[in-house]
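For reference, the chains in residue letters:
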Amino acid sequence: MNWDDTTDESAAEGLAGPAAERLVGSVADREDQAVEAALRPKDLDEFIGQEKVREQLDLVLRAARARGATADHVLLSGAPGLGKTTLSMIIAAEMGAPIRITSGPAIQHAGDLAAILSSLQEGEVLFLDEIHRMSRPAEEMLYMAMEDFRVDVIVGKGPGATAIPLELPPFTLVGATTRAGLLPPPLRDRFGFTAHMEFYEPAELDRVIHRSAGLLDVEIDAEGAAEIAGRSRGTPRIANRLLRRVRDYAQVRADGVITREIAGAALKVYEVDARGLDRLDRGVLDALIKLFGGGPVGLSTLAVAVGEERETVEEVAEPFLVREGLLARTPRGRVATPAAWTHLGLTPPSRSAGGNGQQDLFGA
(Lines give C-alpha, C1' and ligand atoms only; values in the text may rest on other atoms or scores of the structure.)
Protein backbone atom coordinates (compact mmCIF):
# COMPACT_ATOMS: atom_id res chain seq x y z
CA MET A 1 0.00 0.00 0.00
CA ASN A 2 2.65 2.54 0.97
CA TRP A 3 5.80 2.17 -1.11
CA ASP A 4 8.01 3.74 -3.73
CA ASP A 5 8.26 2.70 -7.36
CA THR A 6 9.95 5.42 -9.37
CA THR A 7 13.49 4.06 -9.42
CA ASP A 8 15.25 0.73 -9.41
CA GLU A 9 17.25 1.07 -6.22
CA SER A 10 19.57 -1.79 -7.06
CA ALA A 11 20.51 -0.27 -10.39
CA ALA A 12 20.85 3.13 -8.81
CA GLU A 13 23.32 1.87 -6.26
CA GLY A 14 25.09 -0.52 -8.64
CA LEU A 15 23.62 -3.65 -7.12
CA ALA A 16 22.10 -5.45 -10.05
CA GLY A 17 21.60 -9.21 -9.95
CA PRO A 18 20.91 -10.59 -6.46
CA ALA A 19 19.52 -7.29 -5.18
CA ALA A 20 17.01 -7.09 -8.00
CA GLU A 21 16.02 -10.78 -7.93
CA ARG A 22 15.28 -11.25 -4.22
CA LEU A 23 11.68 -11.86 -3.23
CA VAL A 24 12.36 -10.03 0.03
CA GLY A 25 14.34 -7.24 -1.62
CA SER A 26 13.05 -3.69 -1.37
CA VAL A 27 13.77 -2.98 -5.04
CA ALA A 28 10.65 -2.39 -7.15
CA ASP A 29 10.67 -4.46 -10.34
CA ARG A 30 8.31 -3.86 -13.25
CA GLU A 31 5.64 -6.15 -11.82
CA ASP A 32 5.78 -4.30 -8.50
CA GLN A 33 5.44 -0.94 -10.23
CA ALA A 34 2.39 -2.06 -12.19
CA VAL A 35 0.63 -3.50 -9.14
CA GLU A 36 1.58 -0.65 -6.81
CA ALA A 37 0.01 1.90 -9.13
CA ALA A 38 -3.35 0.21 -8.56
CA LEU A 39 -2.90 -0.27 -4.82
CA ARG A 40 -1.47 3.15 -3.95
CA PRO A 41 -3.58 5.15 -1.43
CA LYS A 42 -4.90 8.47 -2.68
CA ASP A 43 -4.93 10.56 0.52
CA LEU A 44 -3.50 10.70 4.04
CA ASP A 45 -6.58 9.03 5.54
CA GLU A 46 -5.94 5.91 3.43
CA PHE A 47 -2.22 5.85 4.17
CA ILE A 48 -1.41 3.19 6.80
CA GLY A 49 1.47 3.56 9.24
CA GLN A 50 3.96 6.40 9.78
CA GLU A 51 1.55 8.00 12.26
CA LYS A 52 3.82 10.86 13.36
CA VAL A 53 4.80 11.72 9.79
CA ARG A 54 1.17 11.68 8.70
CA GLU A 55 0.07 13.93 11.55
CA GLN A 56 2.87 16.44 11.00
CA LEU A 57 2.43 16.46 7.23
CA ASP A 58 -1.32 16.91 7.58
CA LEU A 59 -0.73 20.06 9.65
CA VAL A 60 1.73 21.43 7.09
CA LEU A 61 -0.66 20.86 4.19
CA ARG A 62 -3.75 22.12 5.98
CA ALA A 63 -1.97 25.32 6.99
CA ALA A 64 -0.74 25.90 3.44
CA ARG A 65 -4.25 25.44 2.03
CA ALA A 66 -5.70 27.80 4.63
CA ARG A 67 -3.19 30.49 3.63
CA GLY A 68 -3.76 29.83 -0.05
CA ALA A 69 -0.01 29.33 -0.37
CA THR A 70 2.26 26.70 -1.82
CA ALA A 71 3.29 24.03 0.69
CA ASP A 72 6.80 24.12 2.13
CA HIS A 73 9.46 21.96 0.51
CA VAL A 74 9.44 18.44 1.98
CA LEU A 75 12.33 16.00 2.50
CA LEU A 76 11.47 12.32 3.04
CA SER A 77 14.19 9.90 4.08
CA GLY A 78 14.13 6.20 4.77
CA ALA A 79 14.71 2.78 3.28
CA PRO A 80 13.21 1.84 -0.11
CA GLY A 81 9.64 0.58 -0.08
CA LEU A 82 8.33 2.53 2.92
CA GLY A 83 6.14 5.05 1.09
CA LYS A 84 8.17 8.06 -0.03
CA THR A 85 6.77 8.13 -3.56
CA THR A 86 3.28 7.49 -2.27
CA LEU A 87 3.49 10.42 0.14
CA SER A 88 4.73 12.71 -2.62
CA MET A 89 1.68 11.86 -4.70
CA ILE A 90 -0.57 12.36 -1.71
CA ILE A 91 0.98 15.80 -1.10
CA ALA A 92 0.11 16.78 -4.67
CA ALA A 93 -3.42 15.39 -4.33
CA GLU A 94 -4.02 17.13 -0.99
CA MET A 95 -2.84 20.44 -2.48
CA GLY A 96 -4.87 19.91 -5.67
CA ALA A 97 -1.72 20.30 -7.75
CA PRO A 98 -0.09 18.31 -10.57
CA ILE A 99 3.09 16.37 -9.86
CA ARG A 100 6.28 16.05 -11.87
CA ILE A 101 8.45 13.01 -11.10
CA THR A 102 12.17 12.66 -11.75
CA SER A 103 15.27 11.38 -9.95
CA GLY A 104 18.70 12.58 -8.94
CA PRO A 105 20.64 10.29 -11.30
CA ALA A 106 18.62 11.69 -14.24
CA ILE A 107 19.85 15.23 -13.52
CA GLN A 108 23.51 15.24 -14.46
CA HIS A 109 23.80 18.86 -15.59
CA ALA A 110 22.45 22.17 -14.33
CA GLY A 111 20.73 22.59 -17.69
CA ASP A 112 18.69 19.43 -17.08
CA LEU A 113 17.33 20.91 -13.87
CA ALA A 114 16.76 24.34 -15.41
CA ALA A 115 14.65 22.76 -18.15
CA ILE A 116 12.47 21.01 -15.58
CA LEU A 117 12.10 24.03 -13.29
CA SER A 118 11.29 26.45 -16.09
CA SER A 119 8.38 24.27 -17.24
CA LEU A 120 6.71 23.96 -13.81
CA GLN A 121 3.27 25.42 -13.24
CA GLU A 122 2.45 27.53 -10.20
CA GLY A 123 1.90 25.30 -7.17
CA GLU A 124 3.13 22.17 -8.94
CA VAL A 125 4.86 19.46 -6.91
CA LEU A 126 8.27 18.33 -8.14
CA PHE A 127 9.22 14.92 -6.77
CA LEU A 128 12.97 14.33 -6.89
CA ASP A 129 13.81 10.75 -5.90
CA GLU A 130 17.32 9.82 -4.72
CA ILE A 131 18.03 13.53 -4.42
CA HIS A 132 21.45 12.86 -2.87
CA ARG A 133 22.67 11.51 -6.24
CA MET A 134 22.11 14.74 -8.15
CA SER A 135 25.16 16.40 -9.72
CA ARG A 136 26.84 19.22 -7.79
CA PRO A 137 26.17 21.98 -10.38
CA ALA A 138 22.47 21.07 -10.43
CA GLU A 139 22.44 20.93 -6.65
CA GLU A 140 23.81 24.47 -6.40
CA MET A 141 21.19 25.71 -8.85
CA LEU A 142 18.50 24.06 -6.75
CA TYR A 143 19.52 26.13 -3.69
CA MET A 144 18.42 29.36 -5.35
CA ALA A 145 15.35 27.80 -6.94
CA MET A 146 14.06 26.52 -3.58
CA GLU A 147 14.77 29.71 -1.66
CA ASP A 148 14.11 32.51 -4.14
CA PHE A 149 12.15 30.74 -6.91
CA ARG A 150 14.75 31.93 -9.36
CA VAL A 151 17.60 30.39 -11.35
CA ASP A 152 20.44 31.96 -13.28
CA VAL A 153 20.85 30.46 -16.72
CA ILE A 154 24.39 30.81 -18.10
CA VAL A 155 24.51 31.77 -21.78
CA GLY A 156 27.80 31.50 -23.67
CA LYS A 157 31.21 30.32 -22.55
CA GLY A 158 34.39 31.87 -21.22
CA PRO A 159 34.74 35.62 -20.67
CA GLY A 160 31.70 36.34 -22.79
CA ALA A 161 29.34 34.18 -20.73
CA THR A 162 26.42 35.98 -19.10
CA ALA A 163 23.92 34.94 -16.44
CA ILE A 164 20.27 35.52 -17.29
CA PRO A 165 17.96 35.43 -14.25
CA LEU A 166 14.85 33.32 -14.77
CA GLU A 167 11.91 33.78 -12.42
CA LEU A 168 10.08 30.59 -11.40
CA PRO A 169 6.49 30.17 -10.24
CA PRO A 170 6.15 29.04 -6.60
CA PHE A 171 6.40 25.25 -6.43
CA THR A 172 6.83 22.53 -3.82
CA LEU A 173 9.88 20.29 -4.00
CA VAL A 174 9.52 16.86 -2.42
CA GLY A 175 12.92 15.24 -2.11
CA ALA A 176 13.34 11.56 -1.27
CA THR A 177 16.53 9.87 -0.21
CA THR A 178 17.66 6.54 1.19
CA ARG A 179 20.86 8.17 2.51
CA ALA A 180 20.03 11.46 4.20
CA GLY A 181 23.58 11.73 5.55
CA LEU A 182 24.88 12.29 2.01
CA LEU A 183 22.84 15.46 1.56
CA PRO A 184 24.92 18.63 2.05
CA PRO A 185 23.70 20.83 4.95
CA PRO A 186 22.83 23.81 2.68
CA LEU A 187 20.37 21.61 0.80
CA ARG A 188 18.87 20.03 3.92
CA ASP A 189 18.37 23.45 5.49
CA ARG A 190 16.18 24.63 2.61
CA PHE A 191 13.48 22.07 3.29
CA GLY A 192 10.67 23.41 5.46
CA PHE A 193 9.59 19.95 6.61
CA THR A 194 11.79 16.88 7.07
CA ALA A 195 10.49 13.42 7.91
CA HIS A 196 12.14 10.05 8.42
CA MET A 197 10.16 6.98 7.37
CA GLU A 198 10.37 4.14 9.90
CA PHE A 199 10.04 0.42 9.29
CA TYR A 200 6.53 -0.90 9.88
CA GLU A 201 5.33 -2.98 12.80
CA PRO A 202 3.70 -6.36 12.00
CA ALA A 203 0.27 -5.03 13.02
CA GLU A 204 0.58 -2.20 10.50
CA LEU A 205 1.69 -4.59 7.77
CA ASP A 206 -1.28 -6.78 8.65
CA ARG A 207 -3.57 -3.84 7.80
CA VAL A 208 -1.63 -3.21 4.59
CA ILE A 209 -2.04 -6.85 3.55
CA HIS A 210 -5.77 -6.93 4.29
CA ARG A 211 -6.31 -3.75 2.26
CA SER A 212 -4.24 -5.03 -0.66
CA ALA A 213 -5.97 -8.41 -0.55
CA GLY A 214 -9.32 -6.64 -0.86
CA LEU A 215 -8.16 -4.62 -3.85
CA LEU A 216 -6.64 -7.71 -5.50
CA ASP A 217 -9.77 -9.78 -4.76
CA VAL A 218 -7.80 -12.28 -2.70
CA GLU A 219 -9.48 -14.15 0.14
CA ILE A 220 -7.28 -14.20 3.25
CA ASP A 221 -7.96 -14.85 6.92
CA ALA A 222 -6.45 -13.06 9.91
CA GLU A 223 -3.85 -15.74 10.62
CA GLY A 224 -2.76 -15.88 6.99
CA ALA A 225 -2.24 -12.12 6.90
CA ALA A 226 -0.31 -12.23 10.17
CA GLU A 227 1.97 -14.97 8.81
CA ILE A 228 2.84 -12.89 5.75
CA ALA A 229 3.25 -9.70 7.79
CA GLY A 230 5.73 -11.38 10.13
CA ARG A 231 7.99 -12.29 7.20
CA SER A 232 7.82 -8.93 5.39
CA ARG A 233 10.85 -7.28 7.02
CA GLY A 234 8.89 -4.22 8.10
CA THR A 235 8.37 -3.09 4.49
CA PRO A 236 4.98 -2.71 2.76
CA ARG A 237 6.44 -3.33 -0.69
CA ILE A 238 7.75 -6.71 0.44
CA ALA A 239 4.45 -7.52 2.16
CA ASN A 240 2.53 -6.96 -1.05
CA ARG A 241 5.03 -8.96 -3.10
CA LEU A 242 4.78 -11.91 -0.69
CA LEU A 243 1.00 -11.61 -0.76
CA ARG A 244 0.99 -12.01 -4.55
CA ARG A 245 3.28 -15.05 -4.43
CA VAL A 246 1.19 -16.68 -1.69
CA ARG A 247 -1.93 -15.92 -3.73
CA ASP A 248 -0.40 -17.80 -6.67
CA TYR A 249 0.36 -20.79 -4.45
CA ALA A 250 -3.14 -20.77 -2.96
CA GLN A 251 -4.75 -20.70 -6.41
CA VAL A 252 -2.63 -23.53 -7.81
CA ARG A 253 -2.25 -25.88 -4.83
CA ALA A 254 -5.21 -25.03 -2.60
CA ASP A 255 -8.72 -23.59 -2.84
CA GLY A 256 -7.57 -20.00 -3.28
CA VAL A 257 -8.02 -19.01 0.36
CA ILE A 258 -4.88 -17.89 2.19
CA THR A 259 -4.60 -19.35 5.69
CA ARG A 260 -1.62 -19.57 8.02
CA GLU A 261 -0.83 -23.06 6.77
CA ILE A 262 -1.07 -22.04 3.11
CA ALA A 263 1.05 -18.92 3.68
CA GLY A 264 3.69 -20.93 5.53
CA ALA A 265 3.81 -23.63 2.85
CA ALA A 266 4.01 -21.08 0.05
CA LEU A 267 6.81 -19.07 1.62
CA LYS A 268 8.72 -22.27 2.33
CA VAL A 269 8.67 -22.90 -1.42
CA TYR A 270 10.03 -19.40 -1.98
CA GLU A 271 12.67 -19.91 0.75
CA VAL A 272 11.49 -17.09 3.01
CA ASP A 273 11.67 -18.23 6.62
CA ALA A 274 9.71 -17.16 9.69
CA ARG A 275 11.89 -14.08 10.30
CA GLY A 276 11.91 -13.00 6.66
CA LEU A 277 15.39 -14.33 5.86
CA ASP A 278 15.95 -15.72 2.39
CA ARG A 279 18.63 -17.92 0.85
CA LEU A 280 21.25 -15.16 0.76
CA ASP A 281 20.68 -14.13 4.37
CA ARG A 282 20.85 -17.69 5.65
CA GLY A 283 23.88 -18.38 3.46
CA VAL A 284 25.78 -15.52 5.09
CA LEU A 285 24.90 -16.72 8.60
CA ASP A 286 25.58 -20.34 7.72
CA ALA A 287 29.05 -19.56 6.36
CA LEU A 288 29.85 -17.25 9.25
CA ILE A 289 28.92 -19.84 11.86
CA LYS A 290 29.80 -23.18 10.30
CA LEU A 291 32.96 -22.19 8.45
CA PHE A 292 34.34 -19.54 10.77
CA GLY A 293 32.95 -20.49 14.17
CA GLY A 294 30.79 -17.40 14.36
CA GLY A 295 33.60 -14.95 13.54
CA PRO A 296 35.05 -12.46 13.60
CA VAL A 297 35.81 -12.76 9.90
CA GLY A 298 36.61 -10.16 7.25
CA LEU A 299 33.95 -9.08 4.76
CA SER A 300 35.93 -10.16 1.68
CA THR A 301 36.54 -13.63 3.12
CA LEU A 302 32.89 -13.98 4.05
CA ALA A 303 31.80 -12.92 0.56
CA VAL A 304 34.07 -15.54 -1.06
CA ALA A 305 32.67 -18.21 1.25
CA VAL A 306 29.11 -17.28 0.30
CA GLY A 307 29.93 -17.06 -3.40
CA GLU A 308 28.75 -13.48 -3.78
CA GLU A 309 30.36 -10.13 -4.45
CA ARG A 310 31.61 -8.15 -1.46
CA GLU A 311 29.14 -5.33 -2.22
CA THR A 312 26.23 -7.77 -2.37
CA VAL A 313 26.96 -9.12 1.10
CA GLU A 314 27.64 -5.69 2.60
CA GLU A 315 24.79 -3.70 1.06
CA VAL A 316 22.13 -6.31 0.29
CA ALA A 317 22.29 -8.93 3.05
CA GLU A 318 23.95 -7.27 6.03
CA PRO A 319 21.62 -4.31 6.74
CA PHE A 320 18.66 -6.54 7.59
CA LEU A 321 20.79 -9.05 9.51
CA VAL A 322 22.25 -6.25 11.62
CA ARG A 323 18.81 -4.70 12.18
CA GLU A 324 17.48 -8.08 13.32
CA GLY A 325 20.36 -8.52 15.74
CA LEU A 326 21.68 -11.59 13.94
CA LEU A 327 25.02 -10.16 12.84
CA ALA A 328 27.39 -7.58 14.29
CA ARG A 329 29.97 -5.46 12.50
CA THR A 330 33.05 -5.10 14.69
CA PRO A 331 36.51 -3.61 14.12
CA ARG A 332 37.84 -7.17 13.82
CA GLY A 333 35.22 -8.32 11.31
CA ARG A 334 31.72 -9.78 11.11
CA VAL A 335 30.43 -11.74 14.10
CA ALA A 336 27.33 -13.91 14.43
CA THR A 337 25.27 -13.08 17.51
CA PRO A 338 23.78 -15.75 19.78
CA ALA A 339 20.41 -15.06 18.12
CA ALA A 340 21.89 -16.12 14.79
CA TRP A 341 23.08 -19.44 16.21
CA THR A 342 19.66 -20.05 17.70
CA HIS A 343 17.87 -19.13 14.47
CA LEU A 344 19.87 -21.78 12.61
CA GLY A 345 19.04 -24.35 15.29
CA LEU A 346 22.55 -24.34 16.75
CA THR A 347 23.81 -23.83 20.29
CA PRO A 348 25.80 -20.62 20.82
CA PRO A 349 29.32 -21.18 22.21
CA SER A 350 29.72 -20.59 25.91
CA ARG A 351 31.62 -17.57 27.18
CA SER A 352 34.50 -19.75 28.24
CA ALA A 353 34.74 -21.57 24.90
CA GLY A 354 37.43 -19.23 23.53
CA GLY A 355 38.92 -19.43 20.09
CA ASN A 356 36.70 -17.13 18.09
CA GLY A 357 36.59 -13.93 20.11
CA GLN A 358 32.83 -14.03 20.75
CA GLN A 359 33.32 -14.20 24.50
CA ASP A 360 34.58 -10.63 24.36
CA LEU A 361 31.42 -9.43 22.64
CA PHE A 362 28.57 -11.52 23.95
CA GLY A 363 27.63 -13.52 26.97
CA ALA A 364 26.06 -13.01 30.39
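Everything below is about the structure printed above this text.
Described below are features of the structure shown in this document. Chains are numbered independently. Their residues run from 1 in the order of the written sequence. The predicted origin of the model limits local features to residues at a pLDDT of at least 70 and limits the giving and counting of side-chain atom pairs to 80 or more, whereas totals for whole chains, interfaces and linings rest on all residues. The basis for every side-chain value is the complete set of heavy atoms in the structure, and neither hydrogens nor water enter the calculation.

### Describing the overall build of the chain
Part 1: Counting its regular elements, the chain contains 16 helices and 11 strands.
Part 2: Burial classes follow relative accessibility: with a 1.4 Å probe on protein chains only, a residue under 20% of its type's maximum area counts as buried, one over 50% as exposed, and anything between as partly exposed. Residues counted as buried form 49% of the 364 residues belonging to the chain.
Part 3: Sequence separation of at least 24 residues holds for 71% of the intrachain contacts in the chain that already meet a minimum separation of 6.
Part 4: The protein chains shown are the only cover counted for residues, whose accessible areas, like all others here, come from Shrake-Rupley with a 1.4 Å probe. A total of about 16,200 Å² of accessible surface is found on the chain, and carbon and sulfur atoms cover 51% of it. Helix and strand labels come from DSSP, where a helix needs a run of H or I of at least four residues and a strand needs a run of E of at least two; each type is numbered from the N terminus. Here, residues are in contact when the closest pair of their heavy atoms is within 4.5 Å.

### Some details on the sheet that holds strand E1 (residues 74-77)
Part 1: If you trace the 5 strands from one edge of the open sheet to the other, you get E2-E3-E6-E1-E7, paired in parallel fashion. For this open sheet the edge positions go to strand E2 (99-103) and strand E7 (193-196), each flanked by a neighbour on one side alone. Looking at each pair of strands side by side, their axes are set apart by 15° on average, direction ignored.
Part 2: In the packing of helix H4 (residues 51-67) onto the sheet, the strands contacted are E1 and E7, and the crossing angle to E7 comes to about 165°. If DSSP finds at least two bridges between two strands, the strands pair. The axes are straight lines fitted to the C-alpha atoms, using for helices just the contacting stretch, and the angles between their N-to-C directions are given from 0 to 180°.

### Examining the environment of Ala-303
Part 1: Along the polypeptide, Ala-303 turns up in helix H14 (residues 299-306).
Part 2: The class for Ala-303 is buried, based on a relative accessible area of 3%.
Part 3: In contact with Ala-303, other than residues within four places in its own chain, are Glu-308, Glu-309, Arg-310 and Val-313.

### Considering the nonpolar core
Part 1: Residues belong to a common nonpolar core when they are buried Ala, Val, Leu, Ile, Met, Phe, Trp, Tyr or Cys residues joined through side-chain atoms within 4.5 Å. Leu-57, Leu-87, Ile-209, Ile-220, Ile-228 and Ile-258 are the most contacted members of the largest nonpolar core, which has 45 residues in total.
Part 2: Ignoring sequence-local partners within four residues, the contact set of Ile-258 consists of Val-218, Glu-219, Ile-220, Asp-221, Gly-224, Ile-228, Leu-243, Val-246, Arg-247, Ala-250 and Ala-263.
Part 3: Ile-131, Met-134, Leu-142 and Val-151 belong to the second-largest nonpolar core, a separate cluster that totals 24 residues.

### Here we look at the packing of helix H9 (residues 202-215) against helix H10 (residues 222-230)
Packed helix pairs are specified by the crossing angle of their axes together with the interaxial distance, meaning the distance between the axes.
Part 1: Closest axis-to-axis distance for the H9/H10 pair is 8 Å, and the angle between their directions is 120°. Put simply, H9 runs oblique to H10. Like other packed secondary-structure pairs, H9 and H10 cross with a definite hand, here right-handed. Contacts between H9 and H10 pair Pro-202, Leu-205, Asp-206, Ile-209 and His-210 from the former with Ala-222, Ala-225, Ala-226, Ile-228 and Ala-229 from the latter.
Part 2: Polarity classes work like this: nonpolar for Ala, Val, Leu, Ile, Met, Phe, Trp, Tyr, Cys and Pro, charged for Asp, Glu, Lys and Arg, and polar for all others, with Gly in that last group. Residue classes in the contact of H9 with H10 are distributed as 8 nonpolar, 1 polar and 1 charged. Here roughly perpendicular refers to angles of 65 to 115 degrees, roughly parallel to angles under 35, roughly antiparallel to angles over 145, and oblique to all remaining angles. Throughout, a crossing is termed right-handed when the near helix is turned clockwise from the far one, and left-handed when it is turned anticlockwise from it by less than a right angle.

### Quick notes on the environment of Ile-90
Part 1: Mapped onto the elements of the fold, Ile-90 is located in helix H5 (residues 84-95).
Part 2: Residue classification places Ile-90 among the buried residues on the basis of a relative accessible area of 0%.
Part 3: As a C-alpha pair, Ile-90 and Leu-44 span 46 residues in sequence and 6.7 Å in three-dimensional space.
Part 4: Setting aside residues up to four positions removed in sequence, Ile-90 forms contacts with Pro-41, Lys-42, Asp-43, Leu-44 and Phe-47.

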